[in-house]
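Examining the three-dimensional arrangement
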Amino acid sequence: MSRRTHPATPPAPPRPWWHDAVVYQVYPRSFQDADGDGVGDLAGIALRLDYLTWLGVNAIWLSPIYPSPLVDFGYDVSDYTAVDPVYGTLDDLGRLIAEAHARGLRLILDLVPSHTSDRHPWFQASRSSRDDPKRDWYLWRDPAPDGGPPNNWLSHFGGRAWTWDAATGQFYLHSFVPEQPDLNWRNPEVLDAMAGVMRFWLDRGIDGFRVDVIHNLLKDEAFRDDPPNPDFVPGPGANPYHSLRHLHSSDQPDVHRLLRWFRRQIDAYPGRVLIGEVEYGSSVERLARFYGDGDELHLALNFSLMTLPWESAAIADHLARYDAALPPGACPTFVVGNHDRARVATRIGPAQARVAAMLLLTARNTPFVYQGDELGMRNAELGPEHQRDPWGLRVPGHGRDPVRTPMRWDASGHAGFTTGEPWLPVGDDAGTENVARLREDERSILTLHRRLLALRRADAVFTLGRQRVLPLAGDVVGYVREDGERRVWVALNLGSREVEVETPGAGGGTIALSTALDREGEAVGRSLRLRGDEGCVVVLGRNSGRGTSTPRAGRAGPHDRGWP
Ligand code: NOJ
């Protein structure tokens, strides 16, 4: 029946843009340097917006650009309402927002509410005396009876989570390095202050926030000890942080009340998105809880594709359980790379990185692509002189510098990233593994990303379609996306041996894209032969040829003319 006969039926709410978007993470220090100081900046990002539209992503998430002493490379914020001069000015940010919006790109900022820098004026005031009005903005405690830290909580980055302040005779809590004191989110004044920070940026037109470590915002009010983790296996490479179960130091049940508060701040600005970083290794049920009843996060970042073994059984099982666990209307996410973990091409190898890209960009989710993964960048080999990350300096083997090296734009000096001396080296393979070369190569991983993104844009089945995970076929993960009559099958060979898999349904289909980029238009009968490390998108049914063409490498496509 038509809507006209039911005037009381409320119109369907417009579909939020982030349900259909692909988010590209820019690590500002390493994207593009415009002023030659060797560090990326906002003006540099603006210069490369045409690349992002050419690639076909819809939104940019900027890792922190706020003033910071850089103890944790921007995740130690000393002023929430300014831009660090190394990245530019507030005006530069305003220009970047305007230029991104003019191209239909959204701009998301990182918000780091769990802790500030110890140089932040709030903490400077808080530590100045026990009577300071901001004392309770942070978590101060008396020593234990033996004079040691108040409890056994550990820092994510090694050592105890408490630092002694001799001047005021108390310990303060820092879940990360001592230069990152944790804010007290049970103090309403902290909420008011952060609401002001959010409004400051939302009023400037940003499209939302990616909120850092949301599970870390609240702690046990009684500050009880964390119990030991019986599953912890000590040894080289083990992270001592995992020797305890963080029952009391993180993820308290009332964090959901707080997330509803965050959501209310965002909802005052229609069309803005609230994304949360949720702890690595979270179960699908825990991820689902962060969506609340549609009143907490819009998107909870799911890192499972980075943490699960890259094996068909584990991946297929996760896909099915994740989809089933989410509340109705909640939009899943996947992340295969970011500034914190090994590059996907290093973790699972260059061939499987292409398969992962197909999974990321065709499964039901809002995908997050980390800069440089579309070039197949691997962890850089860096000498000790390039070790900057505090985590690696405190816990050997955990340094994140190798995944934060500059983007490679072309074969010129320092890969076109800077005319100065880059803050981290661009890497030996930058001469060949760069945007300028890979975009001309019809079979490159960059071309694959662009064609997957074009496919996703051209066919609503990838965004609107339901997802049915198929029974496992050896190393092959398969799922069907369905939207009305339209049915698309994705078959991903996570193994290195050729296999033959049965086509779902009776009608056969047509290959829309293979990760090898050489089978488009091939007819598929009752079965599909997949080469080792190959994934295919197959449009099922008799009319399967329609609407599946995607731009190739080279100069086809509407955005090419503007590409720098
Ligand atoms: C998560 C961020 O992604 C990471 O880079 C940072 O070190 C920690 N949160 C602490 O803010």
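Residues numbered from 1 in each chain as written. Predicted model: local features only at pLDDT ≥ 70, side-chain atom pairs only at ≥ 80, totals over all residues. Heavy atoms only, no water.

Right, let's talk about the domain arrangement of the protein chain for a bit. Splitting the protein chain by domain gives domain 1 (22–114 + 188–452) and domain 2 (121–173). For domain 1 versus domain 2, the separation of C-alpha centres amounts to 29 Å. With 25 residues of domain 1 in contact, the opposing surface of domain 2 contributes 17 residues. When residues of domain 1 are sorted by the area they lose upon contact with domain 2, Phe223, Tyr241 and Arg394 head the list and together hold 33% of the total. There are eight residue pairs in polar contact (both at pLDDT 80 or more) connecting domain 1 and domain 2. Those elements giving two or more residues to the side of domain 1 that touches domain 2 turn out to be helix 5 (188–203) and helix 12 (390–394). Partitioning the side of domain 1 that touches domain 2 into residue classes produces 10 nonpolar, six polar and nine charged. (Domains from an automatic or database assignment. Contact = heavy atoms within 4.5 Å. Buried area = accessible area lost by both parts, 1.4 Å probe. Polar contact = N/O pair within 3.5 Å; in protein donor to acceptor, adjacent residues only side chain to side chain. Helix = DSSP H or I, 4+ residues; strand = E, 2+ residues; numbered from the N terminus. Nonpolar A, V, L, I, M, F, W, Y, C, P; charged D, E, K, R; others polar.)

Glancing now at the site of the ligand. Close to the ligand lie 13 residues, the nearest being Asp72, His115, Asp212, His339 and Asp340. Between the ligand and Asp72, the relevant distance is 2.5 Å, taken from an oxygen atom to a side-chain nitrogen or oxygen of the residue. The contact in question runs from an oxygen atom of the ligand to an N or O atom on the side chain of Arg400, over 3.0 Å. Coverage of the ligand by the protein chains reaches 97% of its 290 Å² of free accessible surface. A class-by-class count of the residues in the shell around the ligand yields four nonpolar, two polar and seven charged. (Near = heavy atom within 4 Å. Areas by Shrake-Rupley, 256 points an atom, 1.4 Å probe, with all protein chains shown as cover.)

Here we come to the sheet that holds strand 9 (residues 299–300). Strand order in the open sheet formed by eight strands is 9-8-7-3-2-1-11-10, and the pairing between neighbours is parallel. Edge strands, defined here as strands with exactly one partner in the open sheet, are strand 9 and strand 10 (333–335). By the bridge criterion, four bridges tie strand 2 (residues 59–62) to strand 3 (residues 106–111) in an arrangement that is parallel. If you follow Leu62 over to strand 3, its bridge partner there is Leu109. Packed on one face of the sheet, helix 3 (residues 90–102) meets strand 2 and strand 3 and runs near 140° to strand 3. Of the strands in this sheet, strand 3, strand 7 (208–211) and strand 8 (273–276) touch helix 6 (residues 255–267), which is tilted by about 150° from strand 8. (Pairing = 2+ DSSP bridges. Axes fitted to C-alpha atoms, helices over the stretch in contact; angles between N-to-C directions.)

Attention now moves to the pairing of strand 18 (residues 527–530). Alternating residues of strand 18 divide into Leu528 and Leu530, all buried, and Ser527 and Arg529, none buried. Where strand 15 (residues 499–502) and strand 18 come together, four bridges link them in antiparallel fashion. Residue pairing in the sheet places Val499 in a bridge with Leu530 of strand 18. (Buried < 20%, exposed > 50% of the residue type's maximum accessible area, 1.4 Å probe, protein only.)

As a further point, take helix 6. The end-to-end C-alpha distance of helix 6, which contains 13 residues, comes to 18 Å, matching closely the 18 Å that a straight helix rising 1.5 Å per residue would cover. Taken together, the buried positions of helix 6 are occupied by Val255, His256, Leu258, Leu259, Trp261, Phe262, Arg263, Gln265 and Ile266. Where helix 6 is buried, its residues contact strand 3, helix 5, strand 7, strand 8 and helix 7 (284–289). (Expected span 1.5 Å × (residues − 1).)

Quick look at the packing of helix 11 (residues 350–362) against helix 14 (residues 445–458) now. At a minimum axis distance of 10 Å, the contact between helix 11 and helix 14 shows a crossing angle of 15°. Regarding the angle of helix 11 to helix 14, the classification is roughly parallel. Crossing geometry of helix 11 relative to helix 14 is assigned as right-handed. Of the residues in helix 14, those touching helix 11 at Ala353, Arg354, Ala357, Met358, Leu361 and Thr362 are Ile445, Leu448, His449, Leu452, Leu453 and Arg456. Broken down by class, the residue content of the contact of helix 11 with helix 14 amounts to eight nonpolar, two polar and two charged. (Parallel < 35°, antiparallel > 145°, perpendicular 65-115°, else oblique. Left-handed = near helix turned anticlockwise from the far one by under 90°.)

The next subject is the sheet that holds strand 19 (residues 535–540). Ordered in space as 12-13-14-19-16-17, the six strands form an open sheet in which the pairing is antiparallel. This sheet does not close on itself; its edge strands, each paired only once, are strand 12 (466–469) and strand 17 (523–524). Pairing analysis gives two bridges linking strand 16 (residues 509–514) to strand 17, with the strands arranged antiparallel. Looking at strand 17, one finds that Gly509 is bridged to Val524. In the packing of helix 11 onto the sheet, the strands contacted are strand 13 (476–483), strand 14 (486–493), strand 16 and strand 19, and the crossing angle to strand 14 comes to about 155°. Sitting on the sheet, helix 14 touches strand 16 and strand 19, and the angle it makes with strand 16 is about 135°.

Turning our attention to unusual backbone geometry. Negative phi is the rule for most residues except glycine; trans is the rule for most peptide bonds. Despite not being glycine, Val213 shows a phi value in the positive range, around 30°. Assignment of secondary structure puts Val213 in the loop between strand 7 and helix 6. Given the relative accessible area of 7%, Val213 is considered buried. Even without a glycine there, the phi angle at Ala415 is positive, about 55°. For Ala415, the position within the fold is in the loop between helix 12 and helix 13 (435–438).

A separate point is the confidence of the model for the protein chain. Residue-level pLDDT values for the protein chain average 94, and 94% of them are 70 or greater. Within the model, pLDDT remains below 50 along residues 1–5, and this stretch shows three contacts once partners closer than five positions in the same chain are excluded. Counted against residues more than four places away or in other chains, residues 554–564, with its pLDDT under 50, gives 26 contacts. (pLDDT = per-residue confidence, 0-100.)

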